[in-house]
Amino acid sequence: MGLHIESRLNGQVMQSANTRDMVFGVARTIALLSQSLTLEPGDVIIMGTPGGVGYARTPPVWMKPGDTIEIDIESIGVLSNPITA
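Each chain has its residues counted from 1, running along the sequence as written. Only residues with pLDDT of at least 70 are given local features in this predicted model, and only at 80 or more are side-chain atom pairs given and counted; all residues enter the totals for whole chains, interfaces and linings. In computing side-chain properties, one takes all heavy atoms of the structure into account and sets aside hydrogens as well as water.

## What to know about the pairing of strand β3 (residues 68-73)
The side chains of a regular strand alternate, first on one face of the sheet and then on the other.
Point 1. Strands were regarded as paired on the criterion that DSSP finds at least two bridges between them. Starting at the N terminus, helices and strands are each numbered in turn, a helix being any DSSP run of H or I of at least four residues and a strand any DSSP run of E of at least two. Where strand β1 (residues 4-9) and β3 come together, five bridges link them in antiparallel fashion. Its bridge partner being in β3, I5 is matched across the sheet by I73.
Point 2. Taken together, the six bridges between β3 and strand β4 (residues 77-82) define a ladder with antiparallel strand orientation. The residue of β4 that forms the bridge with E70 is S80.
Point 3. Linkage of β3 to β4, two consecutive antiparallel strands, is achieved through a turn of three residues, within which S75 is found at a positive phi near 70°.

## Quick look at the layout of surface pockets
Point 1. Note on definitions: the grid is 1 Å and covers protein atoms alone; a cavity is a set of points where a 1.4 Å probe fits but cannot get out; a pocket is an open set with protein on both sides within 12 Å along at least five of seven lines; lining residues have an atom within 4 Å of a point. Grid points are joined across faces, edges and corners, and a volume is the space filled by probe spheres set on the points. Of the voids in this model, the largest pocket is the one considered here, and its volume is about 1,500 Å³.
Point 2. Taken together, 43 residues form the lining of the largest pocket, with I5, I45, G48, I71 and I73 sitting closest to its centre.
Point 3. Elements represented by at least two residues in the lining of the largest pocket include exactly β1, β2 (12-18), α1 (26-36), β3 and β4.
Point 4. When residue character is reported, Ala, Val, Leu, Ile, Met, Phe, Trp, Tyr, Cys and Pro are called nonpolar, Asp, Glu, Lys and Arg charged, and the others, Gly included, polar. Its residues assigned to classes, the lining of the largest pocket comprises 27 nonpolar, twelve polar and four charged.

## Side note on the pattern of salt bridges
Point 1. Throughout this description, the term salt bridge denotes a Lys or Arg side-chain nitrogen within 4 Å of a carboxyl oxygen of Asp or Glu. Inspection of the entire model under this criterion finds four salt bridges.
Point 2. Among the salt bridges present, the one from E6 reaches R8, with a minimum N-O distance of 2.8 Å. Like R8, E6 is buried.
Point 3. Of the charged contacts, one joins D72 and R8 as a salt bridge, the two residues approaching to 3.3 Å between their closest N and O atoms. Each residue is placed in one exposure class: buried if its accessible area under a 1.4 Å probe, protein chains only, is under 20% of its type's maximum, exposed if it is over 50%, and partly exposed if it falls in between.

## Overview of the side chain of S7
Point 1. By secondary structure assignment, the location of S7 is in strand β1.
Point 2. With relative accessibility at 5%, the residue S7 sits in the buried group.
Point 3. Polar contacts, as counted here, are pairs of nitrogen or oxygen atoms within 3.5 Å of one another; within protein the pair requires one atom able to donate a hydrogen and one able to accept it, and residues that are adjacent in sequence qualify only if both atoms are side-chain atoms. At 2.9 Å, the side chain of S7 forms a polar contact with the side chain of Q15.
Point 4. We call two residues contacting when some pair of their heavy atoms lies within 4.5 Å. Beyond its immediate chain neighbours, meaning those up to four positions away, S7 contacts Q12, V13, M14, Q15, I69, E70 and I71.

In structure tokens form, the structure reads like this:
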């Protein structure tokens, strides 16, 4: 089973993918990491990025102060962060 994952910059969809398309699955990654370190509640694991990343766009899109980036994972929730200098 995969989960839809999407990033939005100021409400505009920049990336849209599914976790089933990841090179290394979430469960396997957590299992491997937990063999060498203790994962705590609130830890964030960065696992790469799907297509649509800003520098690869024409023209490139860069986050700037005042922007808001949201990461939305189906059935989990939305992580929203303001961009500051």
